[in-house]
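Examining the three-dimensional arrangement
Here is how the chains run, residue by residue.
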Amino acid sequence: MTKLTEFVLVTGMTGAGRSTAAKALEKLGYYVVDNLPPGMLEELVASVDAAEDIDRLAVVVDSRSRTFFFGLVDAIETVLDLGINVRTLYLEAADEVLVRRQEAARRPHPLSRQGRLMDGFVRERELLRTIRGRADLVIDTSRLNVHQLAHRVRQAFEVEDERGLHITIVSFGFKYGIPIDADMVADMRFLPNPYWIEELRPLSGQDDAVREYVYVQDRAQDFLDRYVELLSIITNGFLREDKLFLTVGVGCTGGRHRSVAMAEALDERLRKEGVRTLVVHRDLGRE
C-alpha cells in the first residue's frame, strides 16, 4: 500500500514558471525533485514511498530531458499502475512572453540547436503537445508575476480534508484574446455595456454601481442560475473522472465591466454551493 498521498507532476514551457511552481509546492510540504529524466520516475517513486517522512512528492519534468522526455507518458502510466494518483500541472505562456523572459535570463533554449530562440519554443510546443492534453491543470502565466503564480499553485495544491473540484474563474477581454488555459468560456457581451454610461465608464465591475447596473439587466440572473446548474452537472462528471481542476473564462469586450462583475457574481454563487474557487481578473487595469 502506497504511503504517497499527493503526487504532482510539473511540466510546461521553458520560461513559463516551473521553478516558481516548484518552490510554492516545496513550501506546502512537498518533496520536490527538479529536472528528472522520465525513465527514473518509477525508481524515484519507489524510493520516496519507502521513506517514512515523505507523503507528498512533486517532480519537475520538461524539455531539458531532451529525447528522454518521450518516455514521460509511459512513465506516468507505470506510476498510476502502482495505485498512486498523479496530478499534472502544465505551465503555459504566450510566445512573445516566453521569448522575453528567456532573453532576460540570458540562457539558450534547450531545444534551440544553436538556432533562433523561437525555433526552440516551436519544437518544445510540439514535444509537449501530448502531455498538455493530459494535464489536470493548465495555468497561463503570461500576465502573472511570480507571487501571483505561487498563489495560484498554493490555491490548487494545498492539502485539504475533502477532495473536490477547484474552479478558477478568469475574467478577460475578448479584444486581448481568450485565455489559453480556459476549459470553458462564457461570453457576457449579450449584456448592455456600462462603458457607454458616462459615470460608469471609469469604474470597474468591482464597483457597486457597475455591479448593480449589470445584475439588473434582463437575463443576467437567469444566466447565473443556468450556468451554476450547468457547472454542477459538469462538476459531478469531472469528479467521477478524477479531474479536480476547471478554469472558466468569463469575457466581455475589454475585460473591465461586465466580465468582472459577472465573474464575481459567479464566484459568490459557487461558494454558496460549497465549491472551492479562485477569481482572477486578467485584463482589469489594462486599459
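Calculation rules
Residues numbered from 1 in each chain as written. Predicted model: local features only at pLDDT ≥ 70, side-chain atom pairs only at ≥ 80, totals over all residues. Heavy atoms only, no water. Buried < 20%, exposed > 50% of the residue type's maximum accessible area, 1.4 Å probe, protein only. Helix = DSSP H or I, 4+ residues; strand = E, 2+ residues; numbered from the N terminus. Pairing = 2+ DSSP bridges. Axes fitted to C-alpha atoms, helices over the stretch in contact; angles between N-to-C directions. Contact = heavy atoms within 4.5 Å. Polar contact = N/O pair within 3.5 Å; in protein donor to acceptor, adjacent residues only side chain to side chain. UniProt positions renumbered as here; feature names shortened; annotations may be inferred. Parallel < 35°, antiparallel > 145°, perpendicular 65-115°, else oblique. Phe/Tyr/Trp six-rings, centres within 6.5 Å; stacked < 30°, edge-to-face > 60°. Lys NZ or Arg CZ within 6 Å of the ring centre and 35° of its normal.

The protein chain appears in an unreviewed UniProt entry as RNase adapter RapZ from Aeromicrobium duanguangcaii.

What follows is about the pairing of strand β4 (residues 86–92). Within β4, seven of the seven residues are buried, which leaves the element mostly enclosed by the surrounding structure. Two strands pair when backbone bridges link them, and strand β1 (residues 6–12) and β4 are joined in this way by six bridges, in the parallel orientation. By the bridge assignment, Val-8 is partnered in β4 with Arg-87.

So, about the sheet that holds strand β9 (residues 276–281). Backbone-to-backbone hydrogen bonds join strands into a sheet, with any given pair of strands oriented parallel or antiparallel. The strand order β7-β8-β6-β9 describes an open sheet built from four strands, whose pairing is parallel. A single partner strand is all that each edge strand has here, and the edge strands are β7 (184–187) and β9. In this sheet, neighbouring strand axes are inclined to one another by 20° on average, regardless of whether the strands run parallel or antiparallel. In terms of strand pairing, strand β6 (residues 166–173) meets strand β8 (residues 245–252) through eight bridges, oriented parallel. Along β8, the bridge assignment pairs Ile-169 with Val-248. Sitting on the sheet, helix α6 (residues 146–157) touches β6, β8 and β9, and the angle it makes with β9 is about 165°. Helix α9 (residues 258–272) contacts β6, β8 and β9 of the sheet and is inclined by roughly 165° relative to β6.

Quick look at the side chain of Thr-14 now. Along the chain, Thr-14 turns up in the loop between β1 and α1 (18–27). A relative accessible area of 7% places Thr-14 in the buried class. A distance of 2.7 Å separates the side chain of Thr-14 from the side chain of Glu-124, its partner in a polar contact. Residue contacts for Thr-14: discarding those within four places in its chain leaves Ser-63, Leu-98, Gln-102, His-109, Pro-110, Phe-121 and Glu-124.

Spatial strand order, β2-β3-β1-β4-β5: five strands in an open sheet with parallel pairing. Strand pairing shows two members of the sheet lacking a second neighbour, β2 (31–34) and β5 (137–140), which therefore form its edges. Adjacent strand axes in the sheet meet at a mean angle of 20°, parallel and antiparallel pairs treated alike. As judged from the five bridges shared by β1 and strand β3 (residues 56–60), these two strands associate in the parallel manner. Within β3, the position partnered with Val-8 by the bridge is Ala-58. Helix α2 (residues 41–50) contacts β1, β2 and β3 of the sheet and is inclined by roughly 155° relative to β3.

Another point: the side chain of Thr-247. Relative to the elements of secondary structure, Thr-247 occurs in strand β8. Among the residues examined, Thr-247 registers a relative accessible area of 2% and is labelled buried. Ignoring sequence-local partners within four residues, the contact set of Thr-247 consists of Leu-137, Val-138, Thr-168, Val-170, Asp-181, Ala-182, Asp-183 and Met-184.

This part is about the pairing of β3. Most of β3 is tucked away: four of the five residues are buried. As judged from the four bridges shared by β2 and β3, these two strands associate in the parallel manner. Bridge pairing in β3 places Val-33 opposite Val-59.

UniProt annotation of "binding site: ATP" (unreviewed entry) refers to Gly-12, Met-13, Thr-14, Gly-15, Ala-16, Gly-17, Arg-18 and Ser-19 when read in the numbering used here. For Met-13, the residues in contact, after removing those within four places along its chain, are Arg-18, Tyr-90, Leu-91, Glu-92, Leu-98, Phe-121, Glu-124, Arg-125 and Leu-128. Of note, Gly-17 is situated in the loop between β1 and α1. Excluding residues that lie within four positions of it along the chain, Gly-17 makes contacts with Leu-91 and Leu-149.

Close contact between helix α7 (residues 208–215) and α9 brings their axes to 9 Å; oriented N to C, the two are set at 80°. Here α7 is positioned roughly perpendicular relative to α9, judged by the angle of their axes. Side by side, α7 and α9 meet where Arg-211, Val-214 and Tyr-215 of the first sit next to Arg-258, Ala-261, Met-262, Glu-264, Ala-265 and Glu-268 of the second.

Scanning all chains against the criterion turns up five aromatic pairs. Ring plane angle 90° and centroid distance 4.9 Å describe the contact between Tyr-195 and Trp-196, whose orientation is recorded as edge-to-face. A relative accessible area of 64% means that Trp-196 is categorised as exposed. Through successive ring pairs, a cluster of aromatic residues spans Phe-190, Phe-223 and Tyr-227. Residue placement shows Arg-201 over the ring face of Tyr-195; its charged tip is 4.5 Å from the ring centre.

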